[in-house]
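Descriptive analysis of the structure
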Amino acid sequence: PTAANDPMSHGVIVDHFVGRLETDIAFESWCRLVRDEMIAVLGLVNQRDETTAGKAKRRVNQLVTQRLSSRSRQAGSPAPPPYLAPVEIDVQPVEDGQTRIIVTGEDTAAFLYSLATALSLQGLSIERVRIRSRGDRVEDVLDVSNERGAASQADALGRIRVVTLITKQFTYFLDRSPDALKALERFEQLVEEILRHEQAGRWMDLLRDPRIMEDLAKLLGASDFLWEDFIRSRADVLLSIMRPESIDRRFCPPSETLPLRMQEAIEGAVGLEEQCDRLNRLKDEEIFLIDLDHILVPGSDFRQLSERLTRLAETLVASAASVVYADLVRSYGRPVDEEGKEVAYAVFGLGKLGGVALGYASDIELMFLYRGAGHTSGGKRTGITCEEFFKLLARETRRFIRTKREGIFEVDLRLRPYGNEGPLAVSFGQFRSYYGPDGRAHAFERLALVRLRWIAGDAAFGYRVEQDRDRFVYDEGRIDLDALWEVWQKQHEQKEEPGRLNAKYSPGGLSDLETAVMLLQVKHAGGVPQLRSPRLSVVITSLGRAGILDAREYAELFGAYNFLRRVINALRMVRGTARDLFLPARGSDELLHLARRMGYDPREGGAAEEQVPRAFEEATAAVRGFIRRHFGRDCPGAA
């Protein structure tokens, strides 16, 4: 090595450790592992640039959290107490211009490592550490200093005490986080952000509450996109939401108040763009609060998440369409038919929105319909046809609903007649012609109407469209099973990747389950009217009550549906997109994090990360068997 990076060419610090080794690895092997890791990390540090320093820090974080993960994987180990026992912290100036911190309490993994970072944010460095264990208690004695010597002022000593306490609390809960590495890194950034805040003391006092620290550990390791889009730049907002008195209630206001809150949000706004800004700001805040409830409130499940996200999407679409409609009327006048009657319109949800099954990172699939031909009159500009007017309504409503990233509440109009080649808004006549018995709609397109549900616009017109849908799909409809199976097979070929498991598109995945259940709806709805529902969970229940599914099949199918929805929500939560639904590779840290997000406990049924592939195989096998029994053929894509 050159003199610039030769570790022997400058001062050397020697750290001396004495302790007891708790591992099944032979001592010689353990020594080699430690030596190799230290050489790798110190080699990065010695290069002395920001990139390699960051790599070194991340590598040490990985080693710390791997240890936490290995502790949590031990089957049969008892659950930890809910909160940390009282901690004694004494901070005082000592000789040689240093400050001594004495922490007495339960031993918590990664505490000293995290505290070193937290103290560095205070401009302090650790000069000496002594650790004494006494049964389940440990005493950590740290002598620290800054460039000016001891932090002798009372406020500085108090701040050091609080930083030490919150770090101790946070590391106690670290192994309960879905991704301890991410939680640790983000906690350091959050503390740094708080320390710069003008009300830092207030937030530090708030973080002394162990319930808030437990929630932070869960939240900071839950999702990349939640951190990037909502938390990192809004630390003060987050902590004001997570105040102690809010712990026992939901973070998000009741969904029933959404229409009023959206109306109040746009009151006084000048122009369409300001109304758009305000509605989208409310939408983003609401998504974040709904996510907080799902992650932190005990008992929350994916059904509650779906109900609340669906209600938000419905209210948002209705408000956006109403605002855009009023703006178009001011410009072009009201759309009327030849008799001078106003031409009604309606907006329908399809897919997950229509089925009240929205989850993390779901898009919202819409169809715009209007009653018939006509023109506008009475506006500031020259009148236009109803076709042009409602095309503008669909286009501008889609533009009005902004997304923070791809897929999250992104408006999708592709399920309309003729797909991307068709008009953005469809007349009632075009709808009936396309989906009717002699229409051009493919079997898959006609089947998708099972999820069509009115969400905005004229309610009476919406009901009439749904009645025609029932007639086309349930009363007169004949699904071409061979044509549907062919497209179904191609879908698998396009979406699958050899050797990888896809929660939605692998044989027996959620897409197969949903398609098969919709086919049974169409087949049996004539005798079981309760099957005429866009909600898949309701339909599965009705299939069971009607005897179309026996008790065992009903339990297996519902169990498969619940599992697949949970795993897809967990995947979307961490990745922030609906596009990548492949399960992580076996043995990967990502698979462990996924299992923890889904609530698998290593103390029950073996390693948490092994429970997910096992449950996936059981769920998809149940779906494949269900399809084989009811349709007499193998699931598309199955070998």
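Residues numbered from 1 in each chain as written. Predicted model: local features only at pLDDT ≥ 70, side-chain atom pairs only at ≥ 80, totals over all residues. Heavy atoms only, no water.

This part covers the overall build of the protein. Along the protein, the regular secondary structure elements total 23 helices and 11 strands. Burial status across the protein gives 52% buried among its 639 residues. Counting contacts in the protein only where the partners sit at least 6 residues apart, residues at least 24 apart contribute 70% of the total. Accessible surface, the protein as shown: approximately 30,200 Å² in total, 49% of it carbon and sulfur. (Helix = DSSP H or I, 4+ residues; strand = E, 2+ residues; numbered from the N terminus. Buried < 20%, exposed > 50% of the residue type's maximum accessible area, 1.4 Å probe, protein only. Contact = heavy atoms within 4.5 Å. Areas by Shrake-Rupley, 256 points an atom, 1.4 Å probe, with all protein chains shown as cover.)

So, about the confidence of the model for the protein. Interpretation of this model should avoid reading the predicted coordinates in detail wherever pLDDT is low. On average, residues of the protein carry a pLDDT of 84, and 89% of them reach 70 or more. When pLDDT is averaged over each helix and strand of the protein, the minimum, 69, is found for helix H2 (residues 50-72) and the maximum, 98, for strand S6 (residues 345-350). (pLDDT = per-residue confidence, 0-100.)

What follows deals with the side chain of Asp-291. With respect to the helices, strands and loops of the structure, Asp-291 is situated in helix H11 (residues 271-296). The buried charged residue Asp-291 lacks any salt bridge partner; its closest oppositely charged side chain belongs to Arg-308, at an N-O distance of 9.5 Å. Among residues more than four places away in sequence, those in contact with Asp-291 are Phe-225, Leu-226, Leu-305 and Tyr-360. (Lys, Arg positive; Asp, Glu negative; His and termini not counted. Salt bridge = Lys/Arg side-chain N within 4 Å of Asp/Glu carboxyl O.)

Okay, unusual backbone geometry next. With a phi angle near 60°, Ala-361 is a residue other than glycine that sits in the positive phi range. Residue classification places Ala-361 among the buried residues on the basis of a relative accessible area of 4%. Its identity as a non-glycine residue notwithstanding, Tyr-418 has a phi of 70°, on the positive side. By secondary structure assignment, the location of Tyr-418 is in the loop between strand S9 (411-412) and strand S10 (425-427).

Right, let's get into the pattern of salt bridges. Two side chains bearing opposite charge may form a pair once their charged atoms approach each other closely. Summed over the entire model, instances satisfying the criterion amount to 35 salt bridges. Between Glu-339 and Lys-341 there is a salt bridge, with its nearest N and O atoms 3.8 Å apart. With respect to class, Glu-339 is no different from Lys-341; both count as exposed. For Glu-396, the salt bridge is made with Arg-399, and the minimal N-O distance between the two is 2.9 Å. Of this pair, Glu-396 and Arg-399 both sit in helix H14 (residues 386-400), 3 residues apart, which is roughly one turn of the helix.

We now examine the pairing of strand S7 (residues 364-370). With 7 of 7 residues buried, S7 lies mostly within the body of the structure. Burial along S7 is two-sided: Ile-364, Leu-366, Phe-368 and Tyr-370 facing one way and Glu-365, Met-367 and Leu-369 facing the other are all buried. Judged from the 2 bridges that link them, S7 and S9 form a sheet pairing that is parallel. Residue pairing in the sheet places Ile-364 in a bridge with Val-411 of S9. Both S7 and S10 contribute to a ladder of 3 bridges, which runs parallel. Across the sheet, Leu-369 pairs through a bridge with Val-426, a residue of S10. (Pairing = 2+ DSSP bridges.)

Attention now goes to the side chain of His-593. Inspection of the secondary structure assignment puts His-593 in helix H22 (residues 589-597). Within the local environment of His-593, its side chain forms a polar contact with the side chain of Asp-179, the two groups lying 3.2 Å apart. Residues contacting His-593, with those up to four places away along its chain left out, are Pro-178 and Asp-179. (Polar contact = N/O pair within 3.5 Å; in protein donor to acceptor, adjacent residues only side chain to side chain.)

Our focus in this paragraph is the sheet that holds strand S1 (residues 88-93). Strand order in the open sheet formed by 4 strands is S1-S2-S4-S3, and the pairing between neighbours is antiparallel. What marks the edges here is a single partner per strand, and that holds for S1 and strand S3 (125-134). For this sheet the average axis-to-axis angle between neighbouring strands, irrespective of direction, equals 15°. Summarising the sheet, S1 and strand S2 (residues 99-106) pair through 6 bridges and their orientation is antiparallel. The residue bridging Glu-88 from the neighbouring strand is Thr-104, located in S2. On the sheet, helix H3 (residues 111-120) packs against S2, S3 and strand S4 (137-145) and is oriented at approximately 25° with respect to S4. (Axes fitted to C-alpha atoms, helices over the stretch in contact; angles between N-to-C directions.)

Now for the packing of helix H12 (residues 302-332) against H14. Between H12 and H14, whose axes approach to 9 Å, the crossing angle comes to 135°. Viewed along their axes, H12 and H14 adopt a mutual orientation that is oblique. In this structure, the crossing between H12 and H14 has a hand that is right-handed. Residue-level inspection shows Ala-320, Ala-321, Val-323, Val-324, Tyr-325, Leu-328, Val-329 and Tyr-332 of H12 in contact with H14, the latter providing Phe-389, Phe-390, Leu-392, Leu-393, Glu-396, Thr-397 and Phe-400. A per-class count over the contact of H12 with H14 returns 13 nonpolar, 1 polar and 1 charged. (Parallel < 35°, antiparallel > 145°, perpendicular 65-115°, else oblique. Left-handed = near helix turned anticlockwise from the far one by under 90°. Nonpolar A, V, L, I, M, F, W, Y, C, P; charged D, E, K, R; others polar.)

What follows is about the layout of surface pockets. Space inside the second largest pocket adds up to approximately 1,600 Å³. Those elements that place two or more of their residues in the lining of the second largest pocket are helix H13 (351-354), S7, S9, helix H16 (443-448), helix H18 (481-495), helix H19 (510-524) and helix H21 (551-575). The element best represented in the lining of the second largest pocket is H18, accounting for 5 residues. Class assignment for the residues of the lining of the second largest pocket results in 20 nonpolar, 11 polar and 17 charged. (1 Å grid on protein atoms, 1.4 Å probe; cavity = no way out; pocket = protein on both sides within 12 Å on 5 of 7 lines; lining within 4 Å. Points joined across faces, edges and corners; volume = space filled by probe spheres on them.)

The subject of this paragraph is the environment of Gly-509. On the secondary structure map, Gly-509 appears in the loop between H18 and H19. Judged by relative accessible area, Gly-509 falls into the buried class, the value being 0%. A C-alpha to C-alpha distance of 9.7 Å links Gly-509 and Glu-617, two positions 108 residues apart in sequence. If near-sequence neighbours (up to four positions away) are discounted, Gly-509 is found in contact with Ala-503, Lys-504, Leu-564, Thr-620 and Val-623.

Turning our attention to the nonpolar core. Residues Phe-170, Leu-216, Leu-220, Leu-366 and Phe-390 are the most contacted members of the largest nonpolar core, which totals 113 residues. Counting residues per element, this core draws most heavily on H12, at 14 residues. Each residue touching Leu-216, except ones within four places of it in the same chain, is listed here: Phe-170, Leu-190, Leu-207, Leu-238, Leu-239 and Met-242. Core analysis: the second largest hydrophobic core is formed by 73 residues, Trp-488, Ala-570, Val-623 and Cys-635 among them. (Core = buried A, V, L, I, M, F, W, Y, C linked by side-chain atoms within 4.5 Å.)

Turning our attention to the pairing of S3. Pairing of S3 with S4, which is carried by 9 bridges, proceeds in the antiparallel orientation. Counted as the bridge partner of Ser-125 is Ser-145 from S4. Counted between consecutive antiparallel strands, the loop separating S3 from S4 contains 2 residues, among which Gly-135 sits at a positive phi close to 65°.

Because each turn of an α-helix spans 3.6 residues, side chains separated by three or four positions in sequence point in the same direction. Among all positions in helix H20 (residues 536-545), only Leu-536, Val-539, Ile-540, Thr-541, Ser-542 and Leu-543 are buried. In the core, the buried residues of H20 are packed alongside H19 and H21.

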